[in-house]
Each structure stands twice: as structure tokens, then as C-alpha cells.
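Listed below, chain by chain, are the residues.
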Amino acid sequence: MSLPPAFDDGFRDKLGELIAWRRDVRRFRREPVPEELLAKLLDLMQLSPSVGYSQPWRWLRVDDPHQRAAVQTNFSRCNSEALADYEGARAALYARLKLEGLREAPVQFAVFSDHGTAQGHGLGRRTMPEMLDYSVVAAITQFWLAARAHGLGLGWVSILDPAEIAGILGTPPEWKLIGYLCLGYPDEEHEVPELVRAGWESDTRLAGRG
């Protein structure tokens, strides 16, 4: 049996900085991400916890320009529909927000939860089948932090029609879309979330402080 690693105060401080600087990125530089780095990040993602060791995440890399264009079209329609739900100043502010990096991000993944997986033999999800989806969310978060540690930014696009995205990518019916991810080197970096900087929402970390 190998000895567990010892994490000192310096490591814990850096981990806190990593978590604080993990931001949703929408503005990317065009330079490519090295393939060996992508492989390393995906290997680290595979270490993420999953219910019953089911590992239900299914990562599809989207490189085909026609598929990417279709995803952008889907976003534009869904975004217009979302804008129609707001009125007045809130609508004007929403219209100014940049909510995706689909045109700029050099790497894009569609991440699904495989509801038909036999791995894990159903352990731990008879009463909470949603644990499959939560396992995929955990894997994305682990990937996100690892990417940030290597100087990459990630943006999670949710303003999409899951059924249409599945059709664009030709995925099995038992796969559920959890996230569409844009990955690359950030064009700018901020500790404060973009929606806070844009005035859409306040920073809850400051709530209650004098």
C-alpha cells in the first residue's frame, strides 16, 4: 500500500486560488490547445467520482465545421427566445451580455450522461437515478479545474436545445446532454464573474459584509 500524499499549507492556499480563479470564459484566443495537454486533462477527468463507479460521462469532441455552425444557429435561436422573456432595462442588459465562445473557442466538447450504461450494475442509483447526471457534472468540474491549472479557460454553454444538439451530433437516445463546453486560452482573465462585472448579478461573496 502506497502512502497518501501530504498537502501542506502552501498547496492548500494555491488550491484556494485555483478555485477562486475558475471562471466561466467566453472570450478565447485562437491559438490551438496542444493535443497532449487535452489528453492529460481527459485522463484527469476520468479520476472523477461517479455513482457506483458507473463513469457515465460521454465526451464528444466537436470539430466538424458544419456541426459547429449548427450549434451556433441553435444557440442564436435559443438566446433570442430567452431575451424575449425579459423586459425593459433587464432585456437591454441581457442583449449586451456575451454568453458563449462558440465562434472563438478552438476546442469544443458536448458532454452527455449515458442513461443506458450497464457499468456499475445500477449500484447507488435505484432511488436517485439523477446521480448519473450529477456524476457527469462532477467530471466536468474536475476537468474545469485541471484546465484552469494549465492556463486554459472553459465556458459552459447551456442556452441550447438538448434534443436538437443530440440530433446534430447523432447521439444515442439514452444519452442526455449535460453541457456544451468551449475550451481554449482565455483572451482576458478575471477573478470576478463576468455576470457580476456586467451588472447582471451581485457577488454573493460580499453579501453581509460591512
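Residues numbered from 1 in each chain as written. Predicted model: local features only at pLDDT ≥ 70, side-chain atom pairs only at ≥ 80, totals over all residues. Heavy atoms only, no water.

**Quick look at the overall build of the protein**
Where we set the bar: The helix count covers DSSP runs of H or I at least four residues long, the strand count covers runs of E at least two residues long, and both are numbered beginning at the N terminus. In this description the radius of gyration comes from C-alpha coordinates, and the expected globular size is given by 2.2 Å times residues to the power 0.38. Burial classes follow relative accessibility: with a 1.4 Å probe on protein chains only, a residue under 20% of its type's maximum area counts as buried, one over 50% as exposed, and anything between as partly exposed. Whether two residues are in contact is decided by their heavy atoms, any of which lying within 4.5 Å being enough.
What the protein contains, in helices and strands, is seven helices and four strands. In the protein, the order of α-helices and β-strands from amino to carboxyl end is α-α-β-α-α-β-α-β-α-β-α. Here the C-alpha atoms of the protein give a radius of gyration of 19 Å, agreeing with the 17 Å that 2.2 N^0.38 yields for 210 residues. Along the first, second and third principal axes, the C-alpha atoms of the protein reach 60 × 50 × 40 Å. Taking all 210 residues of the protein together, 40% fall into the buried category. In the protein, once contacts between residues fewer than 6 apart in sequence are set aside, the share between residues at least 24 apart is 84%.

**Observations concerning the nonpolar core**
Rule in force here: Throughout, nonpolar core names a set of buried Ala, Val, Leu, Ile, Met, Phe, Trp, Tyr and Cys residues whose side chains join them through atoms within 4.5 Å.
Formed by 25 residues in total, the largest nonpolar core has its most connected members in Phe75, Tyr94, Leu102, Ala110, Val157, Leu160 and Tyr180. Elements with a minimum of two residues in this core: α3 (65-83), α4 (88-96), β2 (107-114), α6 (162-169) and β4 (175-184). Residues within four places of leucine 102 in sequence aside, it is in contact with Val71, Gln72, Phe75, Gln108, Val157, Tyr180 and Cys182. Core analysis: the second largest hydrophobic core is formed by 23 residues, Val107, Ala139, Leu152 and Ile178 among them.

**Details of the layout of surface pockets**
Cut-off, in case you're wondering: Space inside and on the surface of the protein is sampled on a 1 Å grid over the protein atoms alone, with a cavity defined as a set of points where a 1.4 Å probe fits but cannot get out and a pocket as an open set with protein on both sides within 12 Å along at least 5 of 7 lines; lining residues have an atom within 4 Å of a point. Grid points are joined across faces, edges and corners, and a volume is the space filled by probe spheres set on the points. Amino acids outside the nonpolar list (Ala, Val, Leu, Ile, Met, Phe, Trp, Tyr, Cys, Pro) and the charged list (Asp, Glu, Lys, Arg) are all regarded as polar, and Gly is one of them.
If you add up the space inside the largest pocket, you get close to 200 Å³. As for the largest pocket, its lining consists of Phe11, Lys14, Leu15, Leu18, Leu44, Leu47, Gln142, Leu145, Ala146 and Ala149. Among the secondary structure elements, those contributing two or more residues to the lining of the largest pocket are α1 (9-20) and α5 (131-149). The residue inventory of the lining of the largest pocket, partitioned by class, reads eight nonpolar, one polar and one charged.

**Some remarks on the confidence of the model for the protein**
Condition: Each residue carries a pLDDT score, the predictor's confidence in it, ranging from 0 to 100.
For the protein, mean pLDDT is 94; residues scoring 70 or higher make up 96% of the total. Counting contacts from residues 206-210, a segment whose pLDDT is below 50, to residues more than four positions away or on other chains yields zero contacts.

**Some points on the environment of lysine 40**
With respect to the element layout, lysine 40 can be found in helix α2 (residues 35-45). The partly exposed category is assigned to lysine 40, whose relative accessible area is 43%. Through-space distance from the C-alpha of lysine 40 to that of proline 106 is 17 Å; in sequence the pair is 66 residues apart.

**Describing the sheet that holds β2**
As a reminder of what qualifies: A pair of strands is considered paired only if DSSP assigns at least 2 bridges between the two. Angular values range over 0 to 180 degrees, each being the angle between N-to-C directions of two axes fitted as lines to C-alpha atoms, with helices fitted over their stretch in contact.
Spatially, β1-β2-β4-β3 is the arrangement adopted by the four strands of the open sheet, whose pairing is antiparallel. Of all the strands in the sheet, the pair left with one neighbour each is β1 (57-61) and β3 (153-157). In this sheet, neighbouring strand axes are inclined to one another by 30° on average, regardless of whether the strands run parallel or antiparallel. Looking at chain direction, β1 and β2 are connected through five bridges and run antiparallel. If you follow leucine 60 over to β2, its bridge partner there is alanine 110.

**Here we look at the state of the cysteines**
So the rule is basically this: Two cysteine sulfur atoms form a disulfide, by the criterion used here, when they sit within 2.5 Å.
Counting across every chain of the model gives zero disulfides. Cysteine 78 forms no disulfide, and the closest cysteine sulfur to it belongs to cysteine 182, at a distance of 14 Å.

**Describing the side chain of threonine 171**
Within the secondary structure layout, threonine 171 lies in the loop between α6 and β4. For threonine 171, a relative accessible area of 14% gives the class buried. With residues near it in sequence (within four places) discarded, threonine 171 still touches Leu60, Phe112 and Ala166.

**Brief notes about a nonpolar patch on the surface**
Put simply, the rule reads: Distance thresholds for patches are 9 Å for like charges and 5 Å for nonpolar side chains (Val, Leu, Ile, Met, Phe, Trp, Tyr), applied to residues having over 30% relative accessible area and no salt bridge. Residue burial considers only the protein chains on display, and all accessible areas are found by Shrake-Rupley using a 1.4 Å probe. The term salt bridge refers to a pairing of a side-chain nitrogen on Lys or Arg with a carboxyl oxygen on Asp or Glu at a separation within 4 Å.
A cluster of nonpolar residues, Phe7, Phe11, Leu15 and Ile19, forms a patch on the protein surface that exposes about 380 Å² of accessible area. Along the polypeptide, leucine 15 turns up in helix α1. Since its relative accessible area comes to 37%, leucine 15 is described here as partly exposed.

**Considering empty space enclosed by the protein**
What the rule picks out here adds up to one cavity of 30 Å³ or more. The calculated volume of the largest cavity comes to roughly 160 Å³. As for the largest cavity, its lining consists of 16 residues, and the residues nearest its centre are Arg23, Val25, Glu188, Glu189 and His190.

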